[in-house]
Amino acid sequence: MFNSMHYVYEVYKERSFSKAAANLYISQPSLSAAVKKVEEKIGAPIFDRSVSPIKLTDCGRHYIKAVEEIMDIQNQFETYMTDMNELKTGQVAIGGSNLFASYILPPIITKFTQKYPLVKVHLIEDNTPQLIDQLFHGSLDLVIDNSSFPDTIYQHHLYTKETLLLAVPKAFPSNEMASGFRLTIEDILADRHLKEETPCVPLASFKEEPFIFLRSGNDTRSRADKICQAQSFTPNIILKLDQQVTAFNVCCYGMGVTFVSDSLLKHMPNERDCFYYKVHGGHTGRNIYFYHKQTKYVTRAMEEFLKVAREQSEELMQIRYNS
């Protein structure tokens, strides 16, 4: 009964079928037929045609009131959509593990909120399985991670590449034996570990040292296992943890050797308590992606957040190249 409400409303405004038909660029008989059809669906007349100009019936007044409420809701929604498209409103929920929530995402979120201060950003920190679950069920819009999510379900957007290194407390005697391979934090910041001429350390150099690994199911753990297996090296694992950041902090306190990503080191470069080593194997390099569900509608806020993230990544790459 509201399919032709704009026709009815135009007649109401003009108090004339002929004037309303002219405004709507249709014939008067067509307009009369459309209004009559609405009245038939309602079961009562909207206009009193016995007077000139025509006027609303009691039923008509209630109909017009309902039409104005509908039009007001439509206008509010159109205003909301315009604001959302111009990012004057909206929200985006981002998820990441402790590493990303603590070191990678904050500068991206800061730049995004400076550019779009009216868009609310929700940052969720959790482990990868929980983040995937939240992304799948829609409570998260984007997740940043260095694990591989199924391509059949999730769309990925490359943020940057990272490389796993071996971090060894400076006090460990094995550093002297491996002195020809060791790197400092300044070397890592200058990407010397990525140069072909930089030699890889044999893991056997650290056979007497305790190791800190992440628990099974973590991508860093899986890669560490494969790197060790490739060299037939069995590490003396004394502690297993959930987060790479925690493992590295424990390493810095001198408890054991651990695998750490260069992306973490570059975001907390004040650490001076370890030496770093490039290691052999095709499992040291991996990508960091932003993921969203394939079937999810990508909002303007999500698009702009990914754009800011790409710009941030390019700026970091440029700084590294210039240095």
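Sequence order as written defines residue numbering, which begins from 1 separately in each chain. With pLDDT at 70 or above as the cut-off, local features in this predicted model cover only qualifying residues; side-chain atom pairs require 80 or more to be listed or tallied, and sums for whole chains, interfaces and linings still use all residues. Heavy atoms from the whole structure form the basis of all side-chain values; hydrogens and water molecules are not counted.

## Some remarks on the overall build of the protein
- Only DSSP runs of H or I covering at least 4 residues are called helices, and only runs of E covering at least 2 are called strands; the numbering of each starts at the N terminus. Across its full length, the protein carries 12 helices and 11 strands.
- For 323 residues, the compact-globule estimate of 2.2 N^0.38 gives 20 Å, and the C-alpha radius of gyration of the protein, at 32 Å, exceeds that figure by more than 25%.
- The principal-axis extents of the C-alpha atoms in the protein amount to approximately 105 × 40 × 30 Å.
- Relative to its 323 residues, the protein shows a buried fraction of 45%.
- The contact definition used throughout considers only heavy atoms, calling two residues in contact when any of these lie within 4.5 Å. Put simply, 74% of the contacts in the protein that link residues at least 6 apart link residues at least 24 apart. Using C-alpha atoms as the atom set, the radius of gyration is obtained and then compared with a globule rule of 2.2 Å times the number of residues to the power 0.38. Each residue gets one of three labels from its accessible area relative to the maximum for its type: buried under 20%, exposed over 50%, partly exposed in between, using a 1.4 Å probe on protein chains only.

## Considering the pairing of strand β8 (residues 236-241)
- Relative to β8, strand β7 (residues 210-214) is paired through 5 bridges, and the arrangement is parallel. Bridging from a neighbouring strand, Leu214 pairs with Leu241 of β8.
- Viewed with both strands pointing away, a crossover whose connecting path from the first strand over the helix to the second turns clockwise is right-handed. For the crossover that starts at β7, traverses helix α9 (residues 219-230) and ends in the parallel β8, the hand is right-handed. We treat two strands as partners when DSSP finds at least two bridges between them.

## Regarding the confidence of the model for the protein
- pLDDT runs from 0 to 100 and stands for how confident the predictor is about each residue. Here the protein averages 92 in pLDDT, while 97% of its residues score no lower than 70.
- When pLDDT is averaged over each element of the protein, β7 comes out on top at 98 and helix α12 (residues 300-322) at the bottom at 83.

## A short note on the pattern of salt bridges
- A pair is scored as a salt bridge if a Lys or Arg side-chain nitrogen falls within 4 Å of a carboxyl oxygen belonging to Asp or Glu. All chains considered together, the criterion is met by 16 salt bridges.
- Ionic pairing is found between Asp187 and Arg192, a salt bridge with its closest N-O pair at 2.9 Å.
- Assessed through its relative accessible area of 15%, Asp187 is described here as buried.
- Residue class for Arg192 comes out partly exposed when judged on its relative accessible area of 38%.
- Through salt bridges with shared partners, a single network forms among Glu162, Asp219, Arg223 and Arg286.

## Describing the layout of surface pockets
- Each pocket or cavity is described by its volume, and for the largest pocket that value is around 370 Å³.
- A 1.4 Å probe that fits into a set of points on a 1 Å grid over the protein atoms alone but cannot get out defines a cavity; an open set with protein on both sides within 12 Å along at least five of seven lines defines a pocket, and lining residues are those with an atom within 4 Å of a point. In terms of lining residues, the largest pocket is bounded by 21 residues, among which Asn127, Thr128, Pro129, Asn218 and Asp242 are the most central.
- Elements with a minimum of two residues in the lining of the largest pocket: α5 (98-115), α6 (128-137) and α9.
- Each residue gets one of three labels, nonpolar for Ala, Val, Leu, Ile, Met, Phe, Trp, Tyr, Cys and Pro, charged for Asp, Glu, Lys and Arg, and polar for the others, Gly among them. By residue class, the composition of the lining of the largest pocket is 5 nonpolar, 11 polar and 5 charged. Grid points are joined across faces, edges and corners, and a volume is the space filled by probe spheres set on the points.

## Digging into helix α1 (residues 5-14)
- Along α1, the residues that are buried comprise Met5, Val8, Tyr9, Glu10, Val11 and Tyr12.
- Lining the buried residues of α1 we find α2 (17-24), α3 (28-42), β1 (47-48), β2 (55-56) and α4 (58-85).
- Where α1 ends, the next residue or the one after it, Arg15, has phi of about 55 degrees, a positive value.

## Examining helix α10 (residues 244-252)
- Among the 9 residues in α10, 7 count as buried, and that is most of the element.
- A positive phi of about 90 degrees marks Gly254, the residue just after α10.

## Details of the packing of aromatic side chains
- Any two of the Phe, Tyr and Trp rings considered here, Trp counted by its six-membered ring, make a pair once their centres fall within 6.5 Å; the pair's planes then place it as stacked at under 30 degrees, edge-to-face at over 60, or tilted in between. If you walk through the whole model with that rule in mind, you get 14 aromatic pairs.
- Judged by centre distance (5.3 Å) and plane angle (50 degrees), the rings of Phe112 and Tyr116 are tilted.
- By relative accessible area, which is 11% here, Tyr116 ends up buried.
- Among the aromatic residues, those joined into a cluster by ring pairs are Phe112, Tyr116, Tyr159, Phe290 and Phe305.
- Only Lys NZ and Arg CZ are tested; either one counts as a charge over a ring when it is within 6 Å of the ring centre and within 35 degrees of the ring normal. Here the guanidinium or amino end of Lys293 rests over the ring plane of Phe136, the centre of that ring lying 3.8 Å away.

## Considering the state of the cysteines
- Cysteine sulfur atoms are paired as a disulfide whenever they fall within 2.5 Å. Throughout the structure, instances matching the rule amount to 0 disulfides.
- You can see Cys200 has no disulfide; the closest cysteine sulfur is in Cys228, sitting 14 Å from it.
- Between Cys252, a cysteine without a disulfide, and Cys274, which holds the nearest cysteine sulfur, the sulfur-to-sulfur distance is 3.8 Å.

## Concerning the side chain of His292
- By secondary structure assignment, the location of His292 is in strand β11 (residues 285-293).
- Taking relative accessible area as the criterion, His292 reaches 6% and is therefore assigned buried.
- Ignoring sequence-local partners within four residues, the contact set of His292 consists of Leu135, Asp141, Leu142, Ile153, Tyr154, Gln155, His157, Val298 and Met302.

## A few points about unusual backbone geometry
- The omega torsion across Ser52 and Pro53 is 0 degrees, close enough to zero to call that bond cis.
- Looking at the element boundaries, Pro53 is found in the loop between β1 and β2.
- Phi at Ser232 takes a positive value of approximately 50 degrees, unusual for a residue other than glycine.
- Note that Ser232 resides in the loop between α9 and β8.
- Since its relative accessible area comes to 70%, Ser232 is described here as exposed.

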